[in-house]
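Observations on chain architecture
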Amino acid sequence: MTTAPPLTLDDVRDAAARIKGAVHRTPVVRSRTLDALVGAEVFLKCENFQRMGAFKFRGAYHAASRLAPEQRARGIAAYSSGNHAQAVALVARELGTTAVIVMPEDAPRAKRAATEGYGAEVVTYDRYSGDRVAIAGALAAERGLTLIPPYEHPHIMAGQGTAALELLEEAGELDALVVPVGGGGLMAGSATAAKGLRSGIRMIGVEPEAGDDTRRSLAAGRRVAVPVPRTIADGQALEIPGELTFSVNRRLVDEIALVSDDEIRAAMRFAFERLKIVLEPSGATPLAVLLSGRAGRLPRRVGLILSGGNIDAERFARLCGAGQ
């Protein structure tokens, strides 16, 4: 008996139709300088220009928009280190409901401020000792809220995959697609869309060196946990891939490349100085892979999903300033 995949190209296409008009169709940027440096034609999908500054708005809006009216009326809950938090907070405001978000105490200040600015209630926890899933689940049950997870849901994955769908529609056939991997929702949706349109495309995931849980999991053929990563790429500081996302990614991801914090900083500086684009650390990891040569010899046409740009000026200067 063959088990149907949890996500299909048609699911991503359906999500694209459902969220059309609510999300931005973000630009695809080219750079001759970058092409010359890496020896390939590079297409940058700039999700840093998405509403609330990251791709997360796609999945959050798609999932919330599919809730029954009575669920929406009671309110929604989420757990997140920052971008999903902001996305759910903004979605709740857009759909006329309320949101409670569980965030780590050390989440970037700008991300917490934006989450509260959209009207959400923030409940904090210690990411190194607390279980955010359990905390958020208990809170949702107590208050009668619907929990919208950051990646472990087919509607979330389908929504995130619309970024890759748009990139492929605009850029045409690509030989490889480079995607940052945290919990795995963006990669699962992107790989489903990309492989569904072109089975031979090379799917390259990117993780920080300190948090290579997906790389280890793919090598082992099962989910493997690592210690909570200490990395500037806070959006990818996870201990273990999602169960549902890993079931997709183990079939569709061709390889995982790792980047150091210094390589991420260099990519952030390059994007700012040469491309005039502001990226947060996690959003810069695909660019870091190309600039550092960590992906090896590149094929002719390569797409990158720059997943977000939520970083305040003080932290950006601290990470990318002279001497760093």
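Figured I'd write up the structure that's included with this text. (Residues numbered from 1 in each chain as written. Predicted model: local features only at pLDDT ≥ 70, side-chain atom pairs only at ≥ 80, totals over all residues. Heavy atoms only, no water.)

1. With respect to the layout of surface pockets
- In this structure, the largest pocket encloses a volume near 680 Å³.
- As for the largest pocket, its lining consists of 41 residues, and the residues nearest its centre are Arg132, Pro150, Tyr151, Gly183 and Leu238.
- Mapped by element, the contributors of at least two residues to the lining of the largest pocket are helix H5 (83-95), helix H7 (132-143) and helix H9 (185-197).
- Here the lining of the largest pocket is composed, by residue class, of 14 nonpolar, 16 polar and eleven charged. (1 Å grid on protein atoms, 1.4 Å probe; cavity = no way out; pocket = protein on both sides within 12 Å on 5 of 7 lines; lining within 4 Å. Points joined across faces, edges and corners; volume = space filled by probe spheres on them. Helix = DSSP H or I, 4+ residues; strand = E, 2+ residues; numbered from the N terminus. Nonpolar A, V, L, I, M, F, W, Y, C, P; charged D, E, K, R; others polar.)

2. Some thoughts on the sheet that holds strand S5 (residues 121-125)
- With parallel pairing, four strands are arranged side by side in an open sheet as S5-S4-S3-S6. Looking along the sheet, the strands with just one partner apiece sit at the ends: S5 and strand S6 (146-147).
- Sheet analysis places strand S4 (residues 99-104) next to S5, joined by five bridges and oriented parallel. Counterpart to methionine 103 in the pairing with S5 is threonine 124.
- The strands that H7 touches are strand S3 (76-79), S4, S5 and S6; relative to S4, the one it contacts most, it runs at about 160°. (Pairing = 2+ DSSP bridges. Contact = heavy atoms within 4.5 Å. Axes fitted to C-alpha atoms, helices over the stretch in contact; angles between N-to-C directions.)

3. Some words on H7
- Compared with the 16 Å implied by 1.5 Å per residue over twelve residues, the 16 Å span of H7 between its first and last C-alpha is a close match.
- Turning to H7, the residues buried within the fold contact S3, S4, S5 and S6.
- A side-chain oxygen of the first residue of H7 lies 3.1 Å from the backbone nitrogen of valine 133; this N-cap is aspartate 131.
- Looking at the residues trailing H7, positive phi occurs at glycine 144, about 75°. (Expected span 1.5 Å × (residues − 1). Polar contact = N/O pair within 3.5 Å; in protein donor to acceptor, adjacent residues only side chain to side chain.)

4. Overview of the sheet that holds strand S1 (residues 28-29)
- Spatial strand order, S1-S2-S10-S7-S8-S9: six strands in an open sheet with mixed pairing. The open sheet has two edge strands, S1 and strand S9 (255-259), and neither has a second partner.
- With six bridges connecting them, strand S2 (residues 41-46) and strand S10 (residues 301-306) associate as parallel partners. The residue bridging valine 42 from the neighbouring strand is valine 302, located in S10.
- On top of the sheet, H9 reaches strand S7 (176-180), strand S8 (202-208) and S10; it is set at about 170° to S8, its chief contact.

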